[in-house]
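# Overview (structure and organization)
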Number of protein chains: 2
Amino acid sequence: MSKNAKISNVVIKRLPRYKRYLEELQKQGVDKVSSNELSRMIGYTASQIRQDLNNFGGFGQQGYGYNVNALHEEINQILGLNREYRMAIAGAGNLGQAIANYTLYYKNGFIVDTIFEVNPKLIGLKINDIEVLDFDQMVDTVHDHNIDLGIICTTKESAQEVADRFCRGGVHGIWNFAPVDLKVPDHVALENVHLSDSLHSLVYYVSRQETAADDEK
Amino acid sequence: MSKNAKISNVVIKRLPRYKRYLEELQKQGVDKVSSNELSRMIGYTASQIRQDLNNFGGFGQQGYGYNVNALHEEINQILGLNREYRMAIAGAGNLGQAIANYTLYYKNGFIVDTIFEVNPKLIGLKINDIEVLDFDQMVDTVHDHNIDLGIICTTKESAQEVADRFCRGGVHGIWNFAPVDLKVPDHVALENVHLSDSLHSLVYYVSRQETAADDEK
DNA sequence: TAGATTGTTAATCGATTAACAATC
DNA sequence: TAGATTGTTAATCGATTAACAATC
């Protein structure tokens, strides 16, 4: 029952943050933590933390709190971090290369398998030991290499075409860095990193801030 | 009155998306658009679009809709995109360089002024015409160059120290790419791009998806 | 004018917080 | 056992959607 209930996206978006703090506690050798202590660290209310966790099961113990190692392991399990993911990047520009090199992914089961490019000068080369293949080989390669995740670091103009090819190749998720909203089939998960949107919303507050500061003069 | 009412962050986060679609319409030479047409494109309800816009003023006209150019200009105004922003990046690693090179910023009034690094091999060099200065010069340089925005592309271990220096140097906003939650004074705006959190929430849906697919076999 | 579409109020829905009984 | 803290229900708060009168 409760296991089948669809969990709200806002809850899912908070899980990686729980994970980060639990990792930190683990590193510090702390072995138990209460929702109140977590609240002080993470900044969510204790009530919200308990509600969030109880979407997935009762991981705590009354009168004691939560076991740090066990809870971390549970959250890894929930997020699906207990396995490997094969990834391919489309676009070997600055951002694509940065993502390819980002050490994060080599650890923790994220494997960058291939980079796809249109620029003939780059095709055939290796970037950080990852082979750069022709954009035209995308569908077959994605399929043959069993790619789970497609990462889009192309221009906004090519992004939808690239997404389509990733989907035809059989990826289960797309991590999109191009500043467009893509259409993908229901069975493909989509996560956007819209950097320009992010900067623009920052600037909203900055411009407000600077005006407020001017007012005080 | 209504101008002073604090506008919810969820609304602000939608504004850049309105901007993107209005830009697109403008490029296509469309000169009027209704909330219903916008709804079909953007995917928010027409009702929500009208509610959002009316937080800032009545930009439409009954029986007609919204003038594309005028509305785009209004949203630029609201977001604070009608001026220049001087930016400095801390961390000249892959991500820092990618952000520095990202052409987006050169256009539209975002100027990357300086990059700060600890690695002595990089200090004094130029990356894409931007000078790389010693991390130790941060506070003074940020102040003297009138930097508005600090961009953090360091490790999570250095991020808080870097944020402190940006704040002491007088930035009004911080764009943080390090996987930590930073403490900054109230008058400094903070926008996080937590790439690992983003990937982890994607993987939640991917792993669910793959399990569901397996079940169907 | 008639038709269209906004601006805005009211109704609904969902997410967060508070409270407390259950229990370790 | 007594104290602490969870799991969970109920209350509140805020955000979204629906409805419609105002008006171009």
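Now for a quick tour of the structure. Predicted model only: the values in this text are computed from it and were never measured. (Residues numbered from 1 in each chain as written. Chains lettered and ligands numbered in written order. Predicted model: local features only at pLDDT ≥ 70, side-chain atom pairs only at ≥ 80, totals over all residues. Heavy atoms only, no water.)

## Here's the deal with the overall build of chain A
When you go through chain A residue by residue, the secondary structure sums to eight helices and ten strands. Here the C-alpha coordinates of chain A stretch approximately 65 × 55 × 35 Å along the principal axes. Buried positions account for 48% of the 217 residues belonging to chain A. Relative to all contacts within chain A whose residues are 6 or more apart in sequence, the contacts with residues 24 or more apart total 54%. Surface summary for chain A: the accessible area is close to 10,700 Å², and the carbon and sulfur share equals 47%. Here chain A carries 22 positive and 28 negative side-chain charges, and the mean point of each set is 6 Å from the other. (Helix = DSSP H or I, 4+ residues; strand = E, 2+ residues; numbered from the N terminus. Buried < 20%, exposed > 50% of the residue type's maximum accessible area, 1.4 Å probe, protein only. Contact = heavy atoms within 4.5 Å. Areas by Shrake-Rupley, 256 points an atom, 1.4 Å probe, with all protein chains shown as cover. Lys, Arg positive; Asp, Glu negative; His and termini not counted. Charge placed at Lys NZ, Arg CZ, Asp CG, Glu CD.)

## Thoughts on helix 1 (residues 9-27) of chain A
Residues and elements named next belong to chain A. Between its first and last C-alpha atoms helix 1 spans 28 Å; for 19 residues at 1.5 Å apiece the expected length is 27 Å, and the two agree. All buried positions along helix 1 are accounted for by Val11, Ile12, Arg14, Leu15, Pro16, Tyr18, Lys19, Arg20, Tyr21, Leu22 and Leu25. Backbone nitrogen of Val10 and a side-chain oxygen of the N-cap are separated by 3.2 Å at the start of helix 1; the cap is Ser8. Looking at the residues trailing helix 1, positive phi occurs at Gly29, about 80 degrees. (Expected span 1.5 Å × (residues − 1). Polar contact = N/O pair within 3.5 Å; in protein donor to acceptor, adjacent residues only side chain to side chain.)

## Quick look at the sheet that holds strand 6 (residues 126-127) of chain A
Residues and elements named next belong to chain A. Strand order in the open sheet formed by seven strands is 6-7-5-4-8-9-10, with mixed pairing between adjacent strands. Looking at which strands have only one partner, the edges of the open sheet turn out to be strand 6 and strand 10 (189-192). As paired strands, strand 9 (residues 173-176) and strand 10 are joined by four bridges and run parallel to one another. By the bridge assignment for strand 10, Asn176 is matched with Asn192. (Pairing = 2+ DSSP bridges.)

## Some details on the sheet that holds strand 1 (residues 32-33) of chain A
All names here are of chain A. Judged by pairing direction, the sheet is antiparallel, and its three strands sit side by side in the order 1-3-2 without closing on themselves. Edge positions in the sheet fall to strand 1 and strand 2 (60-61), since each of these pairs with one other strand and no more. Its contacts with the sheet put helix 4 (residues 68-79) on strand 1 and strand 3 (65-67), and the angle it makes with strand 3 is roughly 75 degrees. (Axes fitted to C-alpha atoms, helices over the stretch in contact; angles between N-to-C directions.)

## Here we look at the nonpolar core
Among the nonpolar cores identified, the biggest contains 97 residues, and Phe177 of chain A together with Phe177 of chain B are the most heavily contacted of them. Setting aside residues up to four positions removed in sequence, Phe177 of chain B forms contacts with Tyr102 and Leu195 of chain A together with Leu95, Ile99, Ile151, Ile152, Cys153 and Val193 of chain B. Of all hydrophobic cores here, the second largest spans 21 residues; its members include Phe116, Ile152, Ala159 and Leu182 of chain B. (Core = buried A, V, L, I, M, F, W, Y, C linked by side-chain atoms within 4.5 Å.)

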